[in-house]
Amino acid sequence: VLLSEITHLDLCHTTLLIFVYLFQVVHAHKPHFMALHCQEFGGKNYEASMSHVDKFVKELLSSDAMKDYNRARVYLDENYKSQEHFTALGSFYFLHESLKNIYQFDFKAKKYKKVTGKEIYSDTLESTPMLEKEKFPQDYFPECKWSRKGFIRTRWCITDCAFDLVNIHLFHDASNLIAWETSPSVYSGIRHKALGYVLDRIIDQRFEKVSYFVFGDFNFRLDAKAVVETLCAKATMQTIRAADTNEVVKLIFRESDNDRKVMLQLEKKLFDYFNQDVFRDNNGTALLEFDRELSVFKDRLYELDISFPPSYPYSEDSSQGKQYMNTRCPAWCDRILMSHSAKELILKSENDEKIVIYDHIGPNVCMGDHKPVFLSFRIAAGAGKPIANVHKCCVVQ
């Protein structure tokens, strides 16, 4: 089971819900190998909240629901005092007691090491040879004084099947108004550059090429210009400018008739559309045609069909679990992607049993401004070997 975007753990209520729903997923799917990737670990106020992170990790490792996972690796980037390196990423890996001969790659020694016991690594991950961690260069997003965006990569070998797991956090849209100006937006171009950088890193010549899964908060957004033009096709636009600079600060879209009803108000951090049902009906999948950022990578990345609603931006009011905030246009920011070779690792069902599931967690409850996303699948026995008998399923899930 793979999950992404567990955020803002400084909220005790949110932390409790994460435990409850994470354990429900574990109980339902009974994974033998589980990866949990988190972005913005420690929450928005991480300087004051990192103490809660340590408690969360210890309770997770010692919980009764996880008692059958006798090996674990936890990597937490908690070194928030280092602007040069801090990414606020967290990567957890749990191995079921039934799994035998599980190995993790040492990137410095360039060899696999058998995984035993439970180990936690935090603070300065740069010195940990069992992963690669990098923060994107400052010039990737010059609008920010500094950014926490980056990635962590680990490599695993299970029953001779080797694969990389990459925890990633890409750049957000700083302004709805700027995102609306062009199609694709300037922010889409920045994310494209950063994701391409990561993919080039994990398939470079330093190490043997293996299949890979990339999951986290990609911050992929719908094509803002196309969405607005579609949602407001029969509206007229009013432009509001600042008196001192003449800069556009607000766009108001009104129906041509119907008493000039306001359909959409757009500001730097406001996307106030009058009918949120369009983002929820049939899981909002009618809007998937505007989800175009991944198309640039169609030759390098594969994604299962999305059948869950946009994962962001949900209200952080605990009584509004299904409500979107009116700060951004809802979008599928949180994704789990894979290389085309990784797609071939997933065992196809031979009897209509649904054994590959791509979905979100906690649809009706508040778990922060993102909904966690998970992918559950089985790996074909010997899938990493070209002469393997792929019809016999191994114990790995």
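Residues numbered from 1 in each chain as written. Predicted model: local features only at pLDDT ≥ 70, side-chain atom pairs only at ≥ 80, totals over all residues. Heavy atoms only, no water.

For the protein, an unreviewed UniProt entry supplies the name inositol-polyphosphate 5-phosphatase and the organism Aptenodytes patagonicus.

1. Things to note about the overall build of the protein
Put simply, the rule reads: In DSSP terms, a helix is any run of H or I states spanning at least four residues, a strand is any run of E spanning at least two, and both are numbered starting from the N terminus. Burial status follows relative accessibility: with a 1.4 Å probe on protein chains alone, a residue under 20% of its type maximum counts as buried, one over 50% as exposed, and anything between as partly exposed. A contact between two residues is defined here by any heavy atoms of the two lying within 4.5 Å. Note on areas: Shrake-Rupley with a 1.4 Å probe; residue coverage comes only from the protein chains shown.
Each helix and strand counted, the protein has seven helices and 18 strands in total. By residue count, 56% of the 397 residues in the protein fall in the buried class. Long-range pairs, those at least 24 residues apart, make up 68% of the contacts in the protein with a sequence separation of at least 6. Of the roughly 17800 Å² of accessible surface on the protein, 49% is carried by carbon and sulfur atoms.

2. Details of the packing of aromatic side chains
Here is the rule: By convention, a stacked pair of Phe, Tyr or Trp rings (six-membered ring in the case of Trp) has centres within 6.5 Å and planes under 30 degrees apart, an edge-to-face pair has planes over 60 apart, and any other such pair is tilted.
In the structure shown here, the tally under the stated rule is 30 aromatic pairs. Between Phe-136 and Tyr-197, the ring centres sit 6.3 Å apart and the planes meet at 70 degrees, which makes this aromatic pair edge-to-face. Taken together, the positions of Phe-136 in the loop between β8 (132–135) and β9 (150–158) and Tyr-197 in helix α4 (residues 186–202) put the pair 61 residues apart, joining distant regions of the chain. The class for Phe-136 is buried, based on a relative accessible area of 5%. Between the aromatic rings of Phe-163 and Phe-213, the centroid separation amounts to 6.2 Å while the plane-to-plane angle is 90 degrees, which identifies the pairing as edge-to-face. A residue pair is termed long-range when its members are at least 10 positions apart, and Phe-163 in strand β10 (residues 161–169) and Phe-213 in strand β11 (residues 211–217) qualify at 50 residues. Residue classification places Phe-213 among the buried residues on the basis of a relative accessible area of 1%. Chaining the aromatic ring pairs together yields one cluster made of Phe-33, Tyr-75, Tyr-93, Tyr-121, Trp-156, Phe-163, Phe-213 and Phe-377.

3. A word on the pattern of salt bridges
For the record, the criterion: Any carboxyl oxygen of Asp or Glu that lies within 4 Å of a side-chain nitrogen of Lys or Arg is treated as forming a salt bridge with it.
For the structure on display, the rule yields 19 salt bridges. For Arg-206, the salt bridge identified is with Asp-204, shortest N-O distance 2.6 Å. The partner of Asp-277 in a salt bridge is Arg-280, with the nearest N and O atoms 3.2 Å apart. Within this pair, Asp-277 and its partner Arg-280 are both found in helix α6 (residues 277–280), separated by three residues, close to a single helical turn. Accessibility expressed as a relative area gives 36% for Asp-277, which makes it partly exposed. Through salt bridges with shared partners, a single network forms among Glu-132, Arg-153, Arg-155, Asp-164, Asp-204 and Arg-206.

4. Considerations on the state of the cysteines
Formally, a disulfide is one covalent bond, and it connects the sulfur atom of one cysteine to the sulfur atom of another. Put simply, the test is: A pair of cysteine sulfur atoms is labelled a disulfide when the two atoms are within 2.5 Å.
Under the criterion given, the structure shown has zero disulfides. With no disulfide partner, Cys-329 has as its closest neighbouring cysteine sulfur the one in Cys-333, 9.7 Å distant. When its relative accessible area of 13% is taken as the criterion, Cys-329 is described as buried. Residue class for Cys-333 comes out buried when judged on its relative accessible area of 0%.

5. Describing the sheet that holds strand β12 (residues 235–241)
Whether parallel or antiparallel, the strands of a sheet pair through hydrogen bonds between backbone atoms. Formally: Strands are labelled as partners when DSSP assigns at least two bridges between them. Geometry is summarised by axes, namely lines fitted to C-alpha atoms with helices restricted to the contacting stretch, and by angles between N-to-C directions that run from 0 to 180 degrees.
Ordered by their spatial adjacency, four strands build an open sheet running β12-β13-β14-β15, and the pairing between neighbours is antiparallel. Both edges of this open sheet fall to β12 and β15 (270–273), since each of them pairs with a single strand only. Direction aside, the axes of adjacent strands within the sheet are offset by 15 degrees on average. Relative to β15, strand β14 (residues 262–267) runs antiparallel, the two being bridged by four bridges. Pairing of Leu-266 across the sheet is with Phe-271, part of β15.

6. Re the confidence of the model for the protein
Basically, it comes down to this: Residue-level confidence of the predictor, termed pLDDT, takes values from 0 up to 100.
Summing up the model confidence of the protein, the mean pLDDT is 87 and the portion of residues at 70 or higher is 88%. Per-residue pLDDT, averaged within each element of the protein, yields its smallest value for strand β1 (residues 2–4) (50) and its largest for β15 (98). Contacts for the low-pLDDT stretch residues 5–11, under 50 throughout, to residues beyond four places or in other chains number 35 contacts.

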